Amino acid sequence: MAAAAMAHEKPWSDKSTMNAAEKTYYEYMAKINSVPSQCTLASEISKARQHIKNSLERMDGIAALAASPGAELLDRLSSVEKENEKLRSIIDGLNTLVIDLHERVRTLESGSGKPAAAGVKSAATAAPKPAAAPAKKAEAEDDDDDVDLFGSEDEDEDKAAAELREKRLAEYAAKKSKKPALIAKSNVILDIKPWDDETDMKVMEQEVRKINADGLLLGAAKLVPLAYGIHKLQMSCVIEDDKISVDWLQEEIEKIEDYVQSVDIAAFNKI
């Protein structure tokens, strides 16, 4: 039956028709397969373009960060840290010096008190000698019943010791009053900022040093970079707390309006 069915087919006689149909089929399949590949290629190209765009934007951001004054700020921070370490070492040395001075004052006060006590003791031991004469005189007159020899000796001794004690205390008080009193002082570091980079910093320092007052001692000064070519004047000074206030000093410096923009306190330490 299969042979009978194939007997009616004519593949070789209709070969041109079959080739045309096969060509049409493969062309159709090629068109179907080419559409998604084109879509995939277009999406990949768009992704690549977006990636390149993002990379360029990141590079611009990195360049902007590199152009910003970040390195200068780091240098400033390192210099400030070094200055803080130096100030700490100076403060530690001042603290040890103050402690040594306190110890010396204590030793001097204790040493000045010992001679006074020794003088009182020697006077107490030496006081009975003058009282020996009345006792001998009383024994010579044989008035033992009417005169209390022991009572008179005690009274004379107490009076002499009290007078000597008062004298020693008065001398010690006078000596102590002549000692100079300790003056409370403070070490202040000021940051004096100009208006712009065209401000003459030397002239500004000269104007600041013209400020003169009792209890104010201006010390060393130096220029510290801020940013974009602008520097600030950092000046140290010592003030007496009872005579000079920090607020008054700031106001006096800010009166130099042609050169000074503002004044800040960078450090404040008691001496």
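The rules behind each value
- Residues numbered from 1 in each chain as written.
- Predicted model: local features only at pLDDT ≥ 70, side-chain atom pairs only at ≥ 80, totals over all residues.
- Heavy atoms only, no water.
- Phe/Tyr/Trp six-rings, centres within 6.5 Å; stacked < 30°, edge-to-face > 60°.
- Buried < 20%, exposed > 50% of the residue type's maximum accessible area, 1.4 Å probe, protein only.
- 1 Å grid on protein atoms, 1.4 Å probe; cavity = no way out; pocket = protein on both sides within 12 Å on 5 of 7 lines; lining within 4 Å.
- Points joined across faces, edges and corners; volume = space filled by probe spheres on them.
- Helix = DSSP H or I, 4+ residues; strand = E, 2+ residues; numbered from the N terminus.
- Nonpolar A, V, L, I, M, F, W, Y, C, P; charged D, E, K, R; others polar.
- Arc of directions from axis to C-beta.
- Contact = heavy atoms within 4.5 Å.
- Polar contact = N/O pair within 3.5 Å; in protein donor to acceptor, adjacent residues only side chain to side chain.
- pLDDT = per-residue confidence, 0-100.
- Pairing = 2+ DSSP bridges.

Topic: the packing of aromatic side chains
Under the definition given, this model contains one aromatic pair. Both rings, one in tyrosine 25 and one in tyrosine 26, keep their centres 5.6 Å apart while their planes meet at 70°; by these two values the pair is edge-to-face. A relative accessible area of 52% places tyrosine 26 in the exposed class.

Observations concerning empty space enclosed by the protein
As enumerated under the stated definition, the model contains one cavity of 30 Å³ or more in all. Its volume calculated, the largest cavity comes out at about 40 Å³. If you trace the largest cavity, you find it lined by Ile91, Leu94, Asn95, Asn187, Asn269, Lys270 and Ile271. Of all the secondary-structure elements, those providing two or more residues to the lining of the largest cavity are helix H3 (70-126) and strand S4 (260-270).

Quick word on the layout of surface pockets
Of the volumes computed, that of the largest pocket is approximately 480 Å³. Around the largest pocket, the lining comprises 23 residues; the ones closest to its centre are Glu83, Leu87, Ile189, Lys222 and Gln234. Going through the elements one at a time, H3, strand S1 (185-194), strand S2 (216-227), strand S3 (230-240) and S4 are the ones with two or more residues in the lining of the largest pocket. Residue contributions to the lining of the largest pocket peak at ten residues, all from H3. Space inside the second largest pocket adds up to approximately 360 Å³. Considering the residues around the second largest pocket, the lining is formed by 13 residues, among which Val98, Leu101, Leu182, Ile183 and Ile271 are closest to the centre. Per-element tally for the lining of the second largest pocket: the top contributor is H3, with seven residues. Among the residues forming the lining of the second largest pocket, the class breakdown is ten nonpolar, one polar and two charged.

Let's talk about helix H6 (residues 201-209)
For H6, the set of buried residues is Met201, Met204 and Val208. Buried positions in H6, seen along its axis, are confined to an arc of 55° and lie on one side of it. In H6, the exposed positions that point more than 90 degrees away from the buried face belong to Lys202 and Gln206. Its buried side turned inward, H6 meets S1, S2, S3, helix H7 (246-254) and S4. Between a side-chain oxygen at the N-terminus of H6 and the backbone nitrogen of lysine 202 the separation is 3.3 Å; the capping residue is aspartate 200.

Quick look at the environment of phenylalanine 268
The topology assignment puts phenylalanine 268 in strand S4. In this structure phenylalanine 268 comes out as partly exposed when scored by relative accessible area, which is 39%. It is 9.9 Å that separates the C-alpha atoms of phenylalanine 268 and serine 236, two residues lying 32 residues apart in sequence. Not counting the four nearest positions on each side in its chain, phenylalanine 268 is found in contact with Ser186, Asn187, Val188 and Val246.

Here we look at the confidence of the model for the protein chain
Of the residues in the protein chain, 69% have a pLDDT of 70 or more, and the chain-wide mean is 76. Of the regions scoring below 50 in pLDDT, residues 114-133 engages in 13 contacts with residues more than four places distant in sequence or in other chains.

A word on the pairing of S2
As a general feature of sheets, a regular strand has side chains that alternate between the two faces. Note: S2 against S3, nine bridges, orientation antiparallel. Bridging from a neighbouring strand, alanine 221 pairs with methionine 235 of S3. In this antiparallel pair of consecutive strands, S2 and S3, the connection spans two residues, and tyrosine 228 shows a positive phi of 55°.

Details of the side chain of glutamine 234
Position of glutamine 234 among the secondary structure elements: in strand S3. You can call glutamine 234 buried: its relative accessible area is 13%. Of note is the side chain of glutamine 234, whose polar atom sits 3.0 Å from the side chain of aspartate 191. Among all residues touching glutamine 234, those that are not within four sequence positions of it are Glu83, Ile189, Leu190, Asp191, Ala220, Ala221, Lys222, Val224 and Ala266.

Here we look at H7
Within the span of H7, buried status applies to Val246, Leu249, Gln250 and Ile253. The buried side chains of H7 occupy one side of the element, clustering within an arc of 100° when seen end-on. Looking at the buried positions of H7, the neighbouring elements they touch are S1, H6, S2, S3 and S4.

What about the environment of glycine 219?
Inspection of the secondary structure puts glycine 219 in strand S2. Of the residues examined, glycine 219 reaches a relative accessible area of 27% and is grouped as partly exposed. It is 5.1 Å that separates the C-alpha atoms of glycine 219 and serine 236, two residues lying 17 residues apart in sequence. With residues up to four places along the chain from it excluded, the contact list for glycine 219 reads Arg209, Met235, Ser236 and Cys237.

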